Amino acid sequence: MNYWLVKSEPDKYGWHHFTEQGRAVWDGVRNYQARNNLNAMRLGDQVLYYHSVTNPGVVGLATVVREAYPDPTVPDDPRWVVVELEPVLAFYRAVPLARIKAEPLLANLALLRQSRLSVMPIRPDEFELILKMGQQ
DNA sequence: GCCAACGTTGGC
DNA sequence: GCCAACGTTGGC
């Protein structure tokens, strides 16, 4: 089991929209490092759902329901892939970026170190902590 | 709205 | 291969 974090702008594709649809094709990733992370996702992996820009923070948990395949929105460009995600649970309370920054145990999160990466791996202990922070 | 970080493009 | 210019992301 692997753990990940994906970013989305709530004004473009927010958690609410995601849960209404019940399933998302995670398209539009155009960064090689993020793409490599999509390729490494396996069925059942756990994915933290992060809102960027507007009220930045982790708002929910999703899971991988289909592994990487070519991005259908760019059929002529084989470089890019998508995965499919389904919502698992909404956080009782969102974990704002400010709380993540204030938590020493999360100081090594890629979220803080590589501000522009939109798909990133999370260590199991980091994942458990963020999940716990969202449920209290 | 501003600005820093950073990835990409293109000239040389 | 280097680097300046430029576009995008994302925090504040």
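Position labels on residues start from 1 in each chain and follow its written sequence. All chains are assigned letters beginning at A, and all ligands numbers beginning at 1, according to the order in which they are written. The predicted nature of this model means local features are confined to residues of pLDDT at least 70 and side-chain atom pairs, given and counted, to a pLDDT of 80 or more, with totals for whole chains, interfaces and linings taken over all residues. Each side-chain value is derived from all of the structure's non-hydrogen atoms; neither hydrogens nor water enter the calculation.

- The name recorded for chain A in an unreviewed UniProt entry is EVE domain-containing protein, from Spirosoma taeanense.

## Some thoughts on the overall build of chain A
- Segments assigned H or I by DSSP are reported as helices when at least four residues long, segments assigned E as strands when at least two residues long, and all are numbered from the N terminus. The helix and strand inventory of chain A stands at 6 helices and 6 strands.
- In chain A, the order of α-helices and β-strands from amino to carboxyl end is β-α-α-β-α-β-β-β-α-α-β-α.
- Each principal axis of the C-alpha atoms in chain A carries an extent, and together these give about 45 × 30 × 30 Å.
- All accessible areas in this document rest on Shrake-Rupley with a 1.4 Å probe, and a residue is counted as covered only by the protein chains that are shown. Here chain A displays about 7,200 Å² of accessible surface, and carbon together with sulfur accounts for 51% of that area.
- Positive charges come from Lys and Arg alone, negative charges from Asp and Glu alone, with His and the N- and C-terminal ends not counted. Each charge is placed at NZ for Lys, CZ for Arg, CG for Asp and CD for Glu. Charge-centre separation for chain A: the mean point of 15 positive side chains lies 6 Å from the mean point of 15 negative side chains.

## Remarks on the protein's contact with DNA strand C
- Lining the immediate surroundings of DNA strand C are Lys 7, Tyr 50, Ser 52, Val 53, Pro 56, Leu 97, Lys 101, Ser 115 and Arg 116.
- For DNA strand C, the fraction of protein-proximal atoms (within 4 Å) that sit in sugar or phosphate groups is 76%.
- Here a phosphate oxygen of DNA strand C sits 2.8 Å away from a polar atom, N or O, in the main chain of Val 53.
- A distance of 2.9 Å is found between a base oxygen of DNA strand C and a side-chain nitrogen or oxygen belonging to Arg 116.
- Each residue is assigned to one class: nonpolar for Ala, Val, Leu, Ile, Met, Phe, Trp, Tyr, Cys and Pro, charged for Asp, Glu, Lys and Arg, and polar for all the others, Gly among them. Class assignment for the residues of the surface near DNA strand C results in 4 nonpolar, 2 polar and 3 charged. Throughout this document, a residue counts as near a molecule or strand when at least one of its heavy atoms sits within 4 Å of that molecule or strand. Whenever two N or O atoms come within 3.5 Å, that pair is a polar contact, provided that in protein one can donate a hydrogen and the other can accept it, and provided that, for residues adjacent in sequence, both atoms are side-chain atoms.

## Thoughts on helix 6 (residues 124–134)
- Here's how the labels work: a residue is buried when its accessible area is under 20% of the maximum for its type, exposed when over 50%, partly exposed in between, all with a 1.4 Å probe on protein chains only. Turning to helix 6, its buried residues are Glu 126, Phe 127, Leu 129, Ile 130, Leu 131, Met 133 and Gly 134.
- Buried-residue contacts for helix 6 involve strand 1 (3–8), strand 3 (46–51), strand 4 (57–70), strand 5 (81–96) and helix 4 (97–102). By the convention used here, residues are in contact when the closest approach between their heavy atoms is within 4.5 Å.

## So, the protein's contact with DNA strand B
- Neighbouring DNA strand B are the residues Asn 31, Tyr 32 and Arg 116.
- Of everything in DNA strand B that lies within 4 Å of the protein, sugar and phosphate atoms constitute 45%.

## Observations regarding the UniProt feature "domain: EVE" (unreviewed entry) in chain A
- UniProt positions are given in the numbering used here, feature names are shortened, and annotations may be inferred rather than shown by experiment. Under the present numbering, the feature "domain: EVE" (unreviewed entry) in UniProt falls on residues 2–133.
- Helix makes up 30% of residues 2–133 and strand 36%, and the two end C-alpha atoms of the span are 19 Å apart.

## Focus: the sheet that holds strand 4
- Any two strands are treated as partners once DSSP identifies two or more bridges connecting them. Strand order in the open sheet formed by 6 strands is 2-5-4-3-1-6, with mixed pairing between adjacent strands. The sheet terminates laterally at strand 2 (24–25) and strand 6 (119–121), the two strands that pair on one side only.
- Bridge analysis of strand 4 against strand 5 gives 10 bridges, and the strand direction is antiparallel. Counted as the bridge partner of Ala 62 is Pro 87 from strand 5.
- Helix 6 contacts strand 1, strand 3, strand 4 and strand 5 of the sheet and is inclined by roughly 50° relative to strand 5. Axis definition: a line fitted to C-alpha atoms, limited for helices to the stretch in contact. Angles are taken between N-to-C directions and run from 0 to 180 degrees.

## Regarding the environment of Gly 44
- Counting through the fold element by element, Gly 44 comes out in the loop between helix 3 (32–40) and strand 3.
- Along the backbone, Gly 44 and Ala 62 are 18 residues apart, and their C-alpha atoms lie at a distance of 9.3 Å.
- Setting aside chain neighbours within four positions, we find Gly 44 in contact with Met 1, Thr 63 and Val 64.

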